[in-house]
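These are the residues of each chain, in order.
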Amino acid sequence: VKVLASYSIKGGVGKTTAATNLAFLGAAEGRRVLLWDLDPQGGATFLFRVAARIKGGGEALVAGKRDLLDVIKASDFDNLDILPADVSYRHLDLWLDSQRRPTKRLGLLLETLADSYDLVVMDCAPSISLISENIVRAADLLLAPVQPSPLAMRTLDQLASFAADTKGRTPPILAFLSMVDMRRKLHRDLIDAAPTGRIELARTVIPAAAAVEQMGLRRAPVVQWAPRSTPGRAYASLWREVTDRIK
Amino acid sequence: VAGEFAVDDGPGAAALQRVTELLPAGPARVETERRTWLDTFDWTLFRAGLLLEQRAGTEHRLILSSTDGTVLCQAPAPRRTLTDATLPGGPIRDKVFPLLGLRALMPRLTAEGTTALLPVLDDVEKTVARVAVDGPFTAAGATVPVTRLRVESLRGYDREAKHVIGELAGLAGLHAAEGSVFAALAATAGLRPGVFRSKPEPTFTATTPALTAFAETLGQLAEITRDNVDGTIAEIDTEFLHDLRVAVRRARSVLKMAGGVYDEAVFVKYGAELKWIGDATSLSRDLDVNLLEFGSGLAPSSVSERGLLSATDTASVQPFRALLERKHRRAHHALNRVLRSDRFATLLTGWQTDLAHPSSGGELATGPIGKVARDLLDRAWKRVAKRGSAITSASPADDLHDLRKRCKELRYLLEFFGGLYDRATYKAFVDELKRLQENLGAFQDAEAQWFLVRDSAEELRATAPIETLLVMGRMAHELRLRQEHEHAVFAQTWARFYAKENRARFAAMVAGR
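Attention shifts here to the pattern of salt bridges. Residue and element names in this part refer to chain A. In total, this model carries 43 salt bridges over all chains according to the counting rule given. A salt bridge links D189 to K185; its shortest N-O distance comes to 2.7 Å. Of the two residues, D189 and K185 both sit in helix α9 (residues 185-192), four residues apart, roughly one turn of that helix. Look at K185 and you get exposed, because its relative accessible area is 53%.

This next bit is on unusual backbone geometry. Omega for the peptide link from G135(B) to P136(B) comes to 10°, which places this bond in the cis form. With respect to the helices and strands, the residue P136(B) is situated in strand β7 (residues 127-139). Despite not being glycine, R49(A) shows a phi value in the positive range, around 65°. With respect to the helices and strands, R49(A) occurs in the loop between α2 (43-47) and α3 (58-62).

It is a probe the size of a water molecule, rolled over the atoms, that shows where empty space is left. Residues and elements named next belong to chain B. Within this structure, the stated rule accounts for four cavities of 30 Å³ or more. Considering only enclosed or pocket space, the largest cavity measures out at about 60 Å³ in volume. Every residue lining the largest cavity is listed: N290, E293, F294, L308, L309, F320, L324, Q449, L452, V453 and M475. Counting residues per element, the ones that place at least two in the lining of the largest cavity are α9 (264-295), α11 (318-339) and α15 (423-460). Of the residues belonging to the lining of the largest cavity, the class tally is eight nonpolar, two polar and one charged.

This part takes up the interface of chain B and chain A. With nine residues of chain B in contact, the opposing surface of chain A contributes 14 residues. Of the roughly 960 Å² buried at the junction of chain B and chain A (both faces included), carbon and sulfur atoms supply 38%. In this assembly, chain B and chain A are joined by three salt bridges. For D81(A), the salt bridge identified is with R155(B), shortest N-O distance 3.2 Å. Across the contact surface, chain B and chain A share nine residue pairs in polar contact (both at pLDDT 80 or more). Of the residues that constitute the side of chain B that touches chain A, the class distribution is three nonpolar, two polar and four charged.

All names here are of chain B. Note that β7 and strand β8 (residues 146-153) share seven bridges and pair antiparallel. Bridging across to β8, A129 finds its partner in S153. The turn linking β7 back onto β8 is made up of six residues, and G141 within it adopts a positive phi angle of 85°.

With that out of the way, let us pick up the nonpolar core. F214(B), Y262(B), L410(B) and F417(B) are the most contacted members of the largest nonpolar core, which has 68 residues in total. Among the elements that make up this core, the one with the highest residue count is helix α6 (residues 210-227) of chain B (nine residues). Excluding its chain neighbours within four sequence positions, the residues that come into contact with L410(B) are L377(B), A380(B), W381(B), V384(B), F429(B), L433(B) and F506(B). If you look at the next biggest cluster of nonpolar residues, it comprises 61 residues, including V121(A), M215(A), V7(B) and V120(B).

What follows is about the packing of helix α13 (residues 369-390) of chain B against helix α17 (residues 500-511) of chain B. Residues and elements named next belong to chain B. One way to put it is that α13 packs onto α17 with a least axis distance of 10 Å and a crossing angle of 165°. Here α13 lies roughly antiparallel to α17, going by the angle between them. In the crossing of α13 with α17, the sense of the turn from one axis to the other is left-handed. Listed contacts from α17 to R374, L377, D378 and W381 of α13 are R503, F506 and V510. Per-class residue counts for the contact of α13 with α17 are four nonpolar, no polar and three charged.

Below, the discussion takes up the side chain of S65(B). All names here are of chain B. Relative to the helices and strands, S65 resides in strand β4 (residues 60-66). Judged by its relative accessible area of 6%, S65 falls in the buried class. Excluding residues within four positions of it along the chain, S65 makes contact with G49, L50, L51, T70, V71 and L72.

Residues and elements named next belong to chain B. Position of R93 among the secondary structure elements: in helix α3 (residues 91-100). Sequence-wise, R93 and L64 are 29 residues apart; in three dimensions their C-alpha atoms are separated by 9.7 Å. With near-sequence residues (within four places) excluded, R93 lies in contact with D84, L87, P88 and P98. Polar contacts involving the side chain of R93 include one to the main-chain carbonyl oxygen of D84, which spans 3.4 Å.

This part is about the packing of aromatic side chains. Residues and elements named next belong to chain B. By the definition in use, this model includes 22 aromatic pairs over all chains. Taking the centre distance of 6.2 Å and the plane angle of 20° together, the rings of F490 and W494 count as stacked. Separated by four residues within a single helix, F490 and W494 lie in helix α16 (residues 466-497), roughly one turn from each other. Side by side, F490 and W494 carry an identical accessibility label, which is buried.

Residues and elements named next belong to chain B. Along the chain, R245 falls in helix α8 (residues 238-256). Among buried Asp, Glu, Lys and Arg side chains, R245 stands out as unpaired, with D286 the closest opposite charge at 5.0 Å. Engagement of the side chain of R245 in a polar contact is seen with the side chain of T281, the distance being 3.0 Å. Excluding anything up to four places from it in sequence, R245 contacts G278, T281, S282 and R285.

Residue and element names in this part refer to chain A. The alternating pattern of strand β4 (residues 80-83) places L80 and I82 and D81 and L83 on opposite faces, both of which are buried. Two strands pair when backbone bridges link them, and strand β2 (residues 33-37) and β4 are joined in this way by four bridges, in the parallel orientation. Paired with L34 across the bridge in β4 is D81. Where strand β3 (residues 73-74) lies against β4, two bridges are found, and the strand directions are antiparallel. Its bridge partner being in β4, A74 is matched across the sheet by D81.

Let's shift gears to the environment of H401(B). All names here are of chain B. Relative to the elements of secondary structure, H401 occurs in helix α14 (residues 397-417). On the accessibility criterion, H401 (25% relative accessible area) is partly exposed. Polar side-chain contacts of H401 include one of 3.0 Å to the side chain of Q444.

Let us look at the sheet that holds strand β7 (residues 173-180) of chain A. Residues and elements named next belong to chain A. Pairing in this open sheet of eight strands is mixed, and the strands run β3-β4-β2-β5-β1-β6-β7-β8 from one edge to the other. Taken across any chain shown, the strands that pair with only one partner, and hence form the sheet edges, are β3 and β8 (200-207). Here β2 pairs with strand β5 (residues 119-123) via five bridges, running parallel. Bridge assignment links W36 to a residue of β5, and that residue is M122.

Rules behind the numbers
- Residues numbered from 1 in each chain as written.
- Chains lettered and ligands numbered in written order.
- Predicted model: local features only at pLDDT ≥ 70, side-chain atom pairs only at ≥ 80, totals over all residues.
- Heavy atoms only, no water.
- Salt bridge = Lys/Arg side-chain N within 4 Å of Asp/Glu carboxyl O.
- Helix = DSSP H or I, 4+ residues; strand = E, 2+ residues; numbered from the N terminus.
- Buried < 20%, exposed > 50% of the residue type's maximum accessible area, 1.4 Å probe, protein only.
- 1 Å grid on protein atoms, 1.4 Å probe; cavity = no way out; pocket = protein on both sides within 12 Å on 5 of 7 lines; lining within 4 Å.
- Points joined across faces, edges and corners; volume = space filled by probe spheres on them.
- Nonpolar A, V, L, I, M, F, W, Y, C, P; charged D, E, K, R; others polar.
- Contact = heavy atoms within 4.5 Å.
- Buried area = accessible area lost by both parts, 1.4 Å probe.
- Polar contact = N/O pair within 3.5 Å; in protein donor to acceptor, adjacent residues only side chain to side chain.
- Pairing = 2+ DSSP bridges.
- Core = buried A, V, L, I, M, F, W, Y, C linked by side-chain atoms within 4.5 Å.
- Axes fitted to C-alpha atoms, helices over the stretch in contact; angles between N-to-C directions.
- Parallel < 35°, antiparallel > 145°, perpendicular 65-115°, else oblique.
- Left-handed = near helix turned anticlockwise from the far one by under 90°.
- Phe/Tyr/Trp six-rings, centres within 6.5 Å; stacked < 30°, edge-to-face > 60°.
- Lys, Arg positive; Asp, Glu negative; His and termini not counted.

Written out as structure tokens, the structure is:
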């Protein structure tokens, strides 16, 4: 099972949108995909119309007292399942800390899914924490959305340092520009010369588009209901870049 | 959670309508579909608990499931009907291919109809279960349609699926389905999956009148022959001709023993006709075997690690292979003309009437078959014993060939009368006979192939490159060595077969001890 983590230190940068669209595209190709919504806000869970609640709470899950497969929900789409968010995830750091080998806990849990899924996409809450360390250690690829602003670009450097400092192997990081408004000169300039430091920047640029905002109303990924729209094509292109790295 | 219902009345659309009235559901995805179930003629996959289905609708899919309907794997499929030669690579091929052996995949059942997939929704319009309406589907050759309604549960929503099943169970016109859609469609088409017979299964007892017993067996052999005609003509796989030929040979052997049981005229006429059709199949079958041997020519043999051909020989030997393929095509054309001839059609009809349902018989017709069996087996046994005991290391090939034919007669008689004797003794004796037959068969195959290589070399002498002739020379040498090896081990094989213990076993079996 390959693990793709959509992760950002900063919030509101298109992390959940990327996770949901890429998970859908993976499933549409015939891969068995699990989307794990680790964000207590439960955006991805809401988008797929699944109730943001884990029976028995998240703690039992993290402690390994409850089988992951027992709480997974099918989405409306073939090959795509959801491990829903739970409001109790806000205590995730505390629970992880109380476990043995706390930075490897999520990775160990994911190993139990190896027979059931080909790809796990994790939608992570924005932070630098014990959860982040778990994600870095479990992921085969860290996908980092970044808004085209000098300040946001700085967080990529922080992410690179954080990943390098984490115990174990460092997964490759693929950053991509998200919520780009081509009418704005600053955005255009940054696309031409984005200072990404040590991190690889995807060729694909995800535009700021009304269609992306409508996902919340339609409650389905834009690649499902508007695959030929500009953002639909952009996510398909990003997916190709991702699959090149996690074959 | 799974629930499947048979819809007894009305078309699928009406069932769908009733479901949508009953449950909160989204728009149904409706499509027309053709479903083809592939298997070998002898139901290899079905007997292994598998169903291989090709679906052609909006999407073309290949589905491998267990016979109870559980889907094991799915893959996209091309539009045209698949065979084992065109089965796409992947997990399905990996699972199916090793089971096939010499048999080919062929369409065993085709059905056309409509399918509808209806999402059952909760209050936020999330799909919590799916109701699939399969049908109405009508199998090719059938008139009665089959409609099934299936509840598909989704992970994490078992409770909702159970609720849907409960609701549907209350609908009039639905009842819990028994068996798969495939089983239901096969039944409407008169097809009996898994039922395959390559040898007769007689039911007579020792007191059955002889004519009745012979007629039953010859009737079954007529059916087996008839079943294999189309597949032989179409050359679906080499086993059709093999089974047809063996059925004819069995019939010949059985009939040969029926002097005095049938009317003399019938006995003589069908003896000649069965010989005619048997002879007509010989060349095609030999060439089938030769070409199969080419396929396995690289495998080590009893006398060499290298086998009949080394990897480097395959290019050089190509003109020989091409010659065999030409001969093979010609032989099959000739055989097909025979199988499509009026004479063969007359033989099949006559076989069914005169041999399987005779109106009168000879002087032994009414005697009990048990007595006839004892006499015939005694005679066949004596013939084998006499010839086998006379063979020495200096005996010519013809002597071994003759013994091989006598052993075959004894074997067919044993199969014919097997039901009359103690199972364990019978099996132990037949196992010994098989061992002897394998030795004689390998000897004969090497001999026949040697002649084939020799005669082909003669034909190719003027046109083929010298490398081809040299490789054929090596093949001939290997075949001679094999033949000598089989001749050398014969003494040992015979000694084992003709040992006191095995002779006593035969005597006890026939005497009914």
